[in-house]
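# Understanding the architecture of this molecule
Listed below, chain by chain, are the residues.
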Amino acid sequence: MVAIAYEDIVKAPKALLHDHLDGGLRPATIIELAAEVGHPLPATEPDELARWFVSACDSGSLERYIATFEHTVAVMQTESALRRVAAECALDLADDGVVYAEVRFAPEQHLNRGLTLEQVVEAVLAGFAEGAERAAAAGRPIRIGTLLTAMRHAARSMEIAELAVRFRDTGVVGFDIAGAEAGFPPTRHLDAFEYLQRENFHFTIHAGEAFGLPSIWQAIQWCGADRLGHGVRIVDDITGGVLGRLAAYVRDKRIPLELCPSSNVQTGAAPSIAEHPIGLLRDLRFRVTVNTDNRLMSGTSMSREMALLVEAFGYGWAELQWFTINAMKSAFIPFDERLSIINEVIKPAYAKLL
Ligand SMILES: O=c1[nH]cnc2c1ncn2[C@H]1C[C@H](O)[C@@H](CO)O1
Ligand SMILES: [Zn+2]
């Protein structure tokens, strides 16, 4: 098999479903914005700060990993900062060859300097639009959908779900809950999920990352999640290649798994990339997608995640196309729009590579 060059992975179109806005800031931007608001940082030089995030997140604990977001959330408290961070996010993803991305963030975390929830969402949407416009002008078109996240330890999920529905025609394509998983089961937010179902809206739930099967079961069978954020611990219901009832349900219903290999190794959800359950789940034909989670905290990108899998599992273009089409099929934008990206952008590009 011919080895795949990293530059070629960058050029190939990729689709990303699980990326946090506050987990993907440019280190230099954090430093500039922190200076403006007087927020103290653990490092003051971009490369050093980048290394600090990755090593602080390498602890094997989701809670300690999430604690590092203190430094990104602190500098995302004004309309101009939110707009800039969102625009740079769109540009960075487009530069990495991402043609479709769903980027999520929790509006409730950006109210410390007096913004309203609406102002926060409007600023981020304006930033994505600006970034996507600049990327298209540079010859790298990208479509970005926004997901609004509610924090699972807090009690604002209903309010955030209503906010998401209010912005459904202006760029918000779905809803999510995130934050520490152990002790905060999805059913805590059942009213929000039931509301979203009545509204015919889409949502994913972080589940099966730091907690196991009960979390996945609740997310799907109680809350009605369209997709699983991570969902990697579904392997606990697979023994010797034999699927238990929950794993069988997830596979039979083609429930998309938003797998995030590097992030999972950092938080201890997987021992290494080579031993990541993505290998098994792909072999068993689950609806597997590859994602970044937090590019800053993992020092990663979509191309890097793909390259790590190529190296660890010997994947070729056929597998990379499969992951990409799986993600595009599982996106929260309308079916006809998904199909046109698959048929007009993804398939023609991979046809030249296969
Ligand atoms: O992988 C994750 N699991 C649970 N929560 C997460 C993960 N990555 C980021 N978060 C949290 C921290 C962010 O501040 C929040 C919204 O993006 O979501
Ligand atoms: Zn996440």
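Residues numbered from 1 in each chain as written. Chains lettered and ligands numbered in written order. Predicted model: local features only at pLDDT ≥ 70, side-chain atom pairs only at ≥ 80, totals over all residues. Heavy atoms only, no water.

- Looking at an unreviewed UniProt entry, the protein carries the name Adenosine deaminase, with the source organism given as Phytohabitans maris.
- If you open the UniProt record of the protein and go to Sequence similarities (unreviewed entry), you find "Belongs to the metallo-dependent hydrolases superfamily. Adenosine and AMP deaminases family. Adenosine deaminase subfamily."
- Recorded under Function (unreviewed entry), the UniProt text for the protein is reproduced unchanged: "Catalyzes the hydrolytic deamination of adenosine and 2-deoxyadenosine." (UniProt positions renumbered as here; feature names shortened; annotations may be inferred.)

## Focus on the pairing of strand 2 (residues 98-105)
- Within strand 2, eight of the eight residues are buried, leaving the element largely enclosed by the surrounding structure.
- In the sheet, strand 1 (residues 14-20) pairs with strand 2 via five bridges, with the strands oriented parallel. Looking at the pairing, Asp 19 lines up with Val 103 of strand 2.
- Two strands pair when backbone bridges link them, and strand 2 and strand 3 (residues 143-151) are joined in this way by six bridges, in the parallel orientation. Bridge pairing links Glu 102 to Gly 145 in strand 3.
- The parallel pair strand 2 and strand 3, bridged by helix 7 (residues 117-137), forms a crossover whose chirality is right-handed. (Buried < 20%, exposed > 50% of the residue type's maximum accessible area, 1.4 Å probe, protein only. Helix = DSSP H or I, 4+ residues; strand = E, 2+ residues; numbered from the N terminus. Pairing = 2+ DSSP bridges. Right-handed = clockwise from strand over helix to strand, strands pointing away.)

## Side note on the UniProt feature "domain: Adenosine deaminase" (unreviewed entry) in the protein
- In the numbering used here, UniProt assigns the "domain: Adenosine deaminase" (unreviewed entry) feature to residues 13-347.
- Taken end to end, residues 13-347 comprises 48% helix and 15% strand; its first and last C-alpha atoms sit 9 Å apart.

## Observations concerning the site of ligand 1
- With respect to spatial proximity, 16 residues lie near ligand 1, and among them His 20, Asp 22, Gln 109, Glu 209 and Asp 293 are the closest.
- Between ligand 1 and His 20, the relevant distance is 2.7 Å, taken from an oxygen atom to a side-chain nitrogen or oxygen of the residue.
- Separating an oxygen atom of ligand 1 from a side-chain N or O atom of Asp 22 is a distance of 2.5 Å.
- Burial of ligand 1 by the protein chains amounts to 100% of its free accessible area of 410 Å². (Near = heavy atom within 4 Å. Polar contact = N/O pair within 3.5 Å; in protein donor to acceptor, adjacent residues only side chain to side chain. Areas by Shrake-Rupley, 256 points an atom, 1.4 Å probe, with all protein chains shown as cover.)

## Things to note about the UniProt feature "site: Important for catalytic activity" (unreviewed entry) in the protein
- Per the UniProt record, "site: Important for catalytic activity" (unreviewed entry) is found at His 230.
- Mapped onto the elements of the fold, His 230 is located in strand 6 (residues 227-230).
- Given the relative accessible area of 0%, His 230 is considered buried.
- The residues touching His 230, leaving out its near neighbours within four places in the chain, are His 18, His 206, Ala 207, Gly 208, Glu 209, Leu 257, Glu 258, Leu 259, Cys 260, Ser 263, Asn 264 and Asp 293. (Contact = heavy atoms within 4.5 Å.)

## What about the side chain of Gln 77?
- With respect to the helices, strands and loops of the structure, Gln 77 is situated in the loop between helix 5 (70-73) and helix 6 (79-95).
- One polar contact links the side chain of Gln 77 to the main-chain carbonyl oxygen of Val 73, over a distance of 2.9 Å.
- Only 3.3 Å separates the side chain of Gln 77 from the backbone nitrogen of Leu 111, close enough to count as a polar contact.
- The residues touching Gln 77, leaving out its near neighbours within four places in the chain, are Gln 109, His 110, Leu 111, Asn 112, Arg 113 and Leu 115.

## Observations regarding the coordination of the zinc ion (ligand 2)
- Bound to the zinc ion (ligand 2) are the protein donor atoms His 18 (NE2), His 20 (NE2), His 206 (NE2) and Asp 293 (OD), situated 2.1 to 2.2 Å from the metal.
- Because the angles between the four donor atoms bound to the zinc ion (ligand 2) fall within 84 to 169°, the donor set is best described as irregular.
- In terms of primary sequence, the donors binding the zinc ion (ligand 2) are separated according to H-x1-H-x185-H-x86-D. Both residues of the pair, His 18 and His 20, belong to the buried class. (Donors = N, O, S within 2.8 Å, 3.2 Å for Na, K, Ca; no water. Tetrahedral: all angles 85-135°; square planar, octahedral: opposite > 155°, others 65-115°.)

## Topic: the nonpolar core
- Leu 21, Phe 286 and Phe 323 are the most contacted members of the largest nonpolar core, which has 117 residues in total.
- With sequence-adjacent residues up to four places away left out, Phe 286 is seen in contact with Ile 234, Ile 238, Leu 243, Ala 247, Val 250, Arg 251, Arg 254, Leu 257, Leu 281, Trp 322 and Asn 326. (Core = buried A, V, L, I, M, F, W, Y, C linked by side-chain atoms within 4.5 Å.)

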